[in-house]
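Examining the three-dimensional arrangement
Listed below, chain by chain, are the residues.
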Amino acid sequence: MHRFPIFGPRAVRRLALTAALVLTTVSLSALNTATAQAESSDLKALPPAMDCADVTELDVDRAAGTKVTWQSAAVVTTGTAAPYCEVRGTIAPASTIVLRLPVNGWTQRYVQTGCGGLCGSANINFTQASTCPPVRDGTVASATTDMGHQGQPDGSWALANPQAQIDFAYRSVHLTSVVAKAVITRFYHHKIAYSYFTGCSDGGREALMEAQRFPDDFDGIAAGAPANNMAVQNTYHHAWNVVANLDADGKYILLAGKLPLIHTAVLATCDAIDGVKDGVIDDPRRCAFDPSSIVCRDGQDPSGCLSKAEANVVRRLHDGATDAKGRRLEPAVGHEWGSELEWTLFVPTAQGQRVASENFALSYLRYLAFPGAQDPDFQLSDLKFTVSEFWKTVQSSAYMSALDPDLSEFLKSGGKLVLWHGWNDQHIAPRSTLAYYDAMREAMGPRTVDSFTKLYLFPGVAHCGGGEGPNTFDIFSPVMAWAENGQAPARVAASAGTRTRPVYPYPTVARYDGSGSTDDAANFVPHKPAAVAGNYHWVGERLYSSDYQTWAHAEGTALLQRPSSTWLTRKVSQ
């Protein structure tokens, strides 16, 4: 497989280290961070070897394989844990890169952060890594990118601009790591000991794109709620969120005022299945809620029940997109039971409103779904929910999605991967991540996957955070501990106010031990429940393979792929 130029193999770099890192793990009781936090004690903190302002004089074009232009470099001291040198530049043709380089002591680590949506903004946001001690203390060097374009969240930046599409797909995130490492090495006159990537949503897709296409870039990766099935998610998934709720006249059937009613009924049915009645369902796959159970009876006040049409919409939104014959056009399930309060993303409060899911779908369908056939006037009514149209619509998966389940090269390089997802995610289906994880296990073997990958599913947590469950946690320290001292991730403690709960690597779940407060993580023990069979039979299931992937390049306004995406083309005719 073709690779862009990168730094030498990780094993060689490690032989050059002058100091080894020993991490100790501390258990925290009154937590709003992770159970296991890595304390760096043996990596020497190094001062800069040059002035911050002089970074703009560095020439890293050769390392990047393209022109890198610096705009600014200045020390920032306001509102931070520690002062840093902020550097801004552009990786040709249009990828903004922003670096933060500690000036009072760098602990030889590099952390790259991802972004969300269709990106367009270079904002370093550590999210679930913010409580990791080296990140919190400001002793890591970090960088991020806007993924090759600025602003325009509607996707119009991609119109007649194939290079911007390629940069967004995978090029910008990789070249950011290459350029950042070159700058960091010269700024401190010292090699990087460990490199990490953390991101959620599209940042999770970027994370998996790195593990799949550029396996030597990072030692450890945290991929949250990954949008790795990008082409399907931003077409059929989000479009279904809208069209499944429209009547023959184009009016919404279900409005948001009924969502609390539905949520209350779901909890009444399923909340106690895990042994604790706490407003959170720890594994929605075990919930057998039937929306018809709250259909209005004769004479019942309609404000306290659903019409048959509303109940049908609830079922359709839960189940996910299908064609007229019931064949799934996305992995089951679209939205988990227990997440109903988050459905305001696609269920409006009143008629005439345009929901976010419609914006997501149209942005992709108009500018990114059909390489070489962009249509700014495309409407959701133009999308046909058929098998043949499905394969035509997801052609961009070949270079935009990150679905290759064979991470053998990442494993060989010594990489560690932590996947995580909130069960109440309203944007990206949690079972999409489960489908990818199980595809990895099928492709590489369960024992092999377990040696370098862990999956955490957080009950009650919405997209990248929030939600009704304990939603504050540090997922990044376990990645560091695993990469640096071989300590495989164990339980992570999540919190919400005074409530703390442990979360264990899938498929293990937390169970109340029967004594003490159910708001205290100390009163829960690991439990491995009976397996729940995954229903991964859907039209696009073979996208989770190693032979769909292509590399793209721009020739004028044309986007060309190598090898040609003949595999996907063949699927169209079937």
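This part takes up the overall build of the protein. Counting secondary structure elements, the protein contains 16 helices and 17 strands. Relative to the compact-globule value of 25 Å for 574 residues, the protein shows a C-alpha radius of gyration of 24 Å, a close match. Taken along the three principal axes of its C-alpha coordinates, the protein extends 80 × 65 × 45 Å. Residue burial in the protein is summarised as follows: out of 574 residues, 59% are buried. Approximately 21,500 Å² of the protein is accessible, and the part contributed by carbon and sulfur atoms is 51%. When the 48 positive and 56 negative side-chain charges of the protein are each reduced to one mean point, those points stand 5 Å apart.

With that settled, the discussion passes to the packing of helix α4 (residues 162-188) against helix α5 (residues 202-213). Closest axis-to-axis distance for the α4/α5 pair is 10 Å, and the angle between their directions is 70°. If you check the angle between α4 and α5, you find them roughly perpendicular. Contacts from F168, A169, Y170, V173 and H174 in α4 reach D202, R205, E206, M209, E210 and R213 in α5. Each residue belonging to the contact of α4 with α5 can be placed in one class, and the counts come to five nonpolar, one polar and five charged.

Right, let's get into the environment of V276. Locating V276 in the fold gives a position in the loop between α7 (259-270) and α8 (308-319). The exposure class of V276 is buried, given its relative accessible area of 6%. Along the primary structure V276 and Y512 are separated by 236 residues, whereas in three dimensions their C-alpha atoms are 7.1 Å apart. Setting aside residues no more than four positions away along its own chain, V276 makes contact with D271, R501, Y512, T518 and F524.

Attention now goes to unusual backbone geometry. Of all residues except glycine, most have a negative phi; of all peptide bonds, most are trans. The amide bond that connects A332 to the next residue, V333, takes the cis arrangement and shows omega of 15°. The topology assignment puts V333 in the loop between α8 and α9 (356-367). In this model, R562 is joined to P563 through a cis peptide bond whose omega is -15°. For P563, the location among the structural elements is in the loop between β17 (558-562) and α16 (566-572). The phi angle at C119 is positive, at roughly 55°, despite the residue not being glycine.

For the coordinates displayed, the defined rule picks out four cavities of 30 Å³ or more. Reported here for the largest cavity is a volume of approximately 330 Å³. Taken together, 26 residues form the lining of the largest cavity, with D282, P459, P502, V509 and A510 sitting closest to its centre. Looking at the lining of the largest cavity, the elements with two or more residues in it are β11 (453-458), β13 (499-503) and β14 (509-512). A breakdown of the residues in the lining of the largest cavity according to their chemical character gives 17 nonpolar, one polar and eight charged. Its boundaries defined by the atoms lining it, the second largest cavity holds a volume of some 90 Å³. As for the second largest cavity, its lining consists of N229, V232, Q233, H237, E330, P331, I428, A429 and S432. The element best represented in the lining of the second largest cavity is helix α6 (residues 230-243), accounting for three residues. By residue class, the composition of the lining of the second largest cavity is four nonpolar, four polar and one charged.

Along a regular strand, successive side chains alternate from one face of the sheet to the other. Taking burial as the measure, the five residues of strand β12 (residues 492-496) include four buried ones, the bulk of the element. Where β12 lies against β13, five bridges are found, and the strand directions are antiparallel. Residue pairing for β13: A494 is matched across the bridge by R501. Between β12 and β13, which pair antiparallel in sequence order, lie two residues; one of them, G497, sits at a positive phi of approximately 65°.

With that settled, consider the pattern of salt bridges. The full count for this structure, using the stated rule, is 18 salt bridges. In this structure, R205 engages D202 in a salt bridge whose closest nitrogen and oxygen atoms are separated by 2.6 Å. Of the two residues, R205 and D202 are both situated in helix α5; the distance of three residues between them amounts to about one turn of the helix. Under the relative-accessibility criterion, R205 is labelled buried at 0%. One salt bridge in this structure joins R499 and D519, with 2.9 Å as the shortest N-O distance.

Rules used throughout
- Residues numbered from 1 in each chain as written.
- Predicted model: local features only at pLDDT ≥ 70, side-chain atom pairs only at ≥ 80, totals over all residues.
- Heavy atoms only, no water.
- Helix = DSSP H or I, 4+ residues; strand = E, 2+ residues; numbered from the N terminus.
- Rg over C-alpha atoms; globule rule 2.2 N^0.38 Å.
- Buried < 20%, exposed > 50% of the residue type's maximum accessible area, 1.4 Å probe, protein only.
- Areas by Shrake-Rupley, 256 points an atom, 1.4 Å probe, with all protein chains shown as cover.
- Lys, Arg positive; Asp, Glu negative; His and termini not counted.
- Charge placed at Lys NZ, Arg CZ, Asp CG, Glu CD.
- Axes fitted to C-alpha atoms, helices over the stretch in contact; angles between N-to-C directions.
- Parallel < 35°, antiparallel > 145°, perpendicular 65-115°, else oblique.
- Contact = heavy atoms within 4.5 Å.
- Nonpolar A, V, L, I, M, F, W, Y, C, P; charged D, E, K, R; others polar.
- 1 Å grid on protein atoms, 1.4 Å probe; cavity = no way out; pocket = protein on both sides within 12 Å on 5 of 7 lines; lining within 4 Å.
- Points joined across faces, edges and corners; volume = space filled by probe spheres on them.
- Pairing = 2+ DSSP bridges.
- Salt bridge = Lys/Arg side-chain N within 4 Å of Asp/Glu carboxyl O.

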